[in-house]
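# Per-entry structural report
Here is how the chains run, residue by residue.
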Amino acid sequence: MSTSRKIPFFDYPKLFLDQKEELTKVFEEVGSRGAYIMQQDLVNFEKRLSGYINSNYAIGVGNATDGLELAWLAIGLKKGDEVIISSHTMVATASAIVTAGGTPVPVDIGDDNLIDPEAILSAITKNTVGISPTQLNGRTCKMDLILDIAKKHGLKVVEDSAQALGSKYKGKNAGTFGDAASFSFFPAKVLGCFGDGGGVVTNDKEIYEKIFQLHDHGRDTHGEIKSWGRNSRLDNLQAAFLNKKFETYDEVILRRREIANIYDSRLSILEELTLPPAPSIDTDHFDVYQNYEFQAKNRNGLRDSLLKNGIGTLIQWGGKGIHQWEVLGFNVRLPRTEKFFDNCLMIPINMFITDEDAHYVCDKIIEFYRSK
Ligand SMILES: *Cc1c(COP(=O)(O)O)cnc(C)c1O
């Protein structure tokens, strides 16, 4: 029996406290320069982001949802245009399409719990203009299949890469497959800042220029107004914090993969669980484990039991697929997604989890099923 511990699902104070001195220095330095909006730290961060994933352009924006919306606006979504998405995603993937003027069409997941290419094919109509696959939990979809479909049907692709900075498929980074992609720097994301933040990336110069204008009052990079726009910029201060966090980002990914390995090695003996793929299991995917999400028999019982043992868990997104929010106007059944949400649970995975914490979580999960 391991002794009792307290393991929150995500320790928000630690995001700051673990690097308090360095981060305070960043604030002092940026504050003393008075560098708040569209300053050098932001330019440096955008360079760093595009360099890291190997895209031609990156623009810091207010949050990843804005990034998705700006990408669709730049592509020129029109009323009645349909964009196919996975129902297994955050509402943001869908709402960005709606606020850009289009119609999201949620489809079912495949065996990997990501958007099912077969389901995409069946959902294509004469109004379909795009696909917005979500690179979920730090895993990139089988993008070659999705890009084949897009090419054959003349569809645009905007990746929701909010959870997938550094994730790769066949050696290529999430965010570089489609016409554009969006990353999130929400505090609990793999690369988190101290509030809202996002980055939109593209290899297309025209899309870059349009997004740039849209995110800064319609102004181009020289400050000249070229169109209507809005204000959705990444704060220079947040960019400066992110530059600091970026210095150790490869270690973050490594550590998340280590924890995933511990979970996999300990929990794979339980037939009550369906685990995500282990870090080493196939060479096509390089996963960054934004989340460690499994499907569990008696999921609610397990969640309650872990909570009693001080372990925070999460049933993601209110426990429903996008299409199950009837208030949003959907009226379809997607059985695999619905089954997934009936059984899914996330256990803590982040920089604050020690090996001992991970083993404690495993002990408590194994105890729960073995004491039955
Ligand atoms: C977090 C998240 C978003 C939204 O990111 P924000 O920066 O909070 O707007 C979108 N899609 C997915 C899959 C996410 O996990």
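Note that the coordinates shown come from a computational prediction; the quantities given were computed from them, not determined experimentally. (Residues numbered from 1 in each chain as written. Predicted model: local features only at pLDDT ≥ 70, side-chain atom pairs only at ≥ 80, totals over all residues. Heavy atoms only, no water.)

Take the environment of E338 next. Summarising the element assignment, E338 is placed in helix 12 (residues 335-343). For E338 and H323, which are 15 residues apart along the polypeptide, the C-alpha to C-alpha distance reads 9.3 Å. Those residues within four positions of E338 in sequence are excluded, and the remaining contacts are H323, Q324, V332 and R333. In terms of polar contacts, E338 uses its side chain to reach the side chain of R333, at 3.1 Å. (Helix = DSSP H or I, 4+ residues; strand = E, 2+ residues; numbered from the N terminus. Contact = heavy atoms within 4.5 Å. Polar contact = N/O pair within 3.5 Å; in protein donor to acceptor, adjacent residues only side chain to side chain.)

Quick look at the state of the cysteines now. Under the criterion given, the structure shown has zero disulfides. Note on C362: no disulfide assigned, nearest cysteine sulfur contributed by C344 at a separation of 19 Å. (Disulfide = S-S within 2.5 Å.)

The next subject is empty space enclosed by the protein. Under the definition given, this model contains one cavity of 30 Å³ or more. Size it by volume and the largest cavity reaches roughly 30 Å³. For the largest cavity, the full set of lining residues is Y57, A58, I59, V200, V201, T202, Y208 and I211. When its residues are assigned to classes, the lining of the largest cavity shows seven nonpolar, one polar and no charged. (1 Å grid on protein atoms, 1.4 Å probe; cavity = no way out; pocket = protein on both sides within 12 Å on 5 of 7 lines; lining within 4 Å. Points joined across faces, edges and corners; volume = space filled by probe spheres on them. Nonpolar A, V, L, I, M, F, W, Y, C, P; charged D, E, K, R; others polar.)

Around the ligand, the structure places 14 residues, and the nearest of them are T65, D160, Q163, S184 and K189. Contact between the ligand and D160: a nitrogen atom at 2.7 Å from a side-chain N or O atom of the residue. A distance of 2.8 Å separates an oxygen atom of the ligand from a polar atom in the side chain of Q163. Bound to the protein, the ligand loses 93% of the 380 Å² it would expose on its own. Taken together, the residues of the shell around the ligand break down into five nonpolar, seven polar and two charged. (Near = heavy atom within 4 Å. Areas by Shrake-Rupley, 256 points an atom, 1.4 Å probe, with all protein chains shown as cover.)

Turning next to the packing of helix 3 (residues 40-53) against helix 9 (residues 236-246). Their axes nearest at 8 Å, the elements helix 3 and helix 9 cross at an angle of 45 degrees. Taken together, helix 3 and helix 9 sit at an angle that is classed as oblique. Judged by the twist between their axes, the crossing of helix 3 over helix 9 is left-handed. Residue-level inspection shows Q40, D41, L42, N44, F45, R48, L49 and Y52 of helix 3 in contact with helix 9, the latter providing N236, A239, A240, L242, N243 and F246. The residue makeup of the contact of helix 3 with helix 9, split by class, is eight nonpolar, four polar and two charged. (Axes fitted to C-alpha atoms, helices over the stretch in contact; angles between N-to-C directions. Parallel < 35°, antiparallel > 145°, perpendicular 65-115°, else oblique. Left-handed = near helix turned anticlockwise from the far one by under 90°.)

This paragraph deals with the domain arrangement of the chain. Splitting the chain by domain gives domain 1 (16-246) and domain 2 (249-370). The interface is formed by 37 residues belonging to domain 1 together with 32 residues belonging to domain 2. Of all residues in domain 1, N137, R139 and V190 give up the largest surface area on contact with domain 2, accounting jointly for 23% of the area buried on that side. Here domain 1 and domain 2 share three salt bridges between them. R139 is the salt-bridge partner of D287, the closest N and O atoms lying 2.6 Å from each other. (Domains from an automatic or database assignment. Buried area = accessible area lost by both parts, 1.4 Å probe. Salt bridge = Lys/Arg side-chain N within 4 Å of Asp/Glu carboxyl O.)

A separate point is the packing of aromatic side chains. Pairs of aromatic rings are described using the distance from one ring centre to the other and the angle between the two planes. Taken as a whole, this structure holds 14 aromatic pairs when the rule is applied. Ring geometry for F10 and Y12: centres 4.7 Å apart, planes at 70 degrees, overall edge-to-face. The exposure class of Y12 is partly exposed, given its relative accessible area of 43%. Arranged with centres 6.3 Å apart and planes meeting at 25 degrees, the rings of Y289 and Y292 form a pair that is stacked. Y289 gets classed as buried once you look at its relative accessible area, which sits at 3%. Here Y292 falls in the buried class, since its relative accessible area comes to 1%. Among the aromatic side chains, those forming a connected cluster through ring pairs are F45, Y52, F185, F246 and Y249. (Phe/Tyr/Trp six-rings, centres within 6.5 Å; stacked < 30°, edge-to-face > 60°. Buried < 20%, exposed > 50% of the residue type's maximum accessible area, 1.4 Å probe, protein only.)

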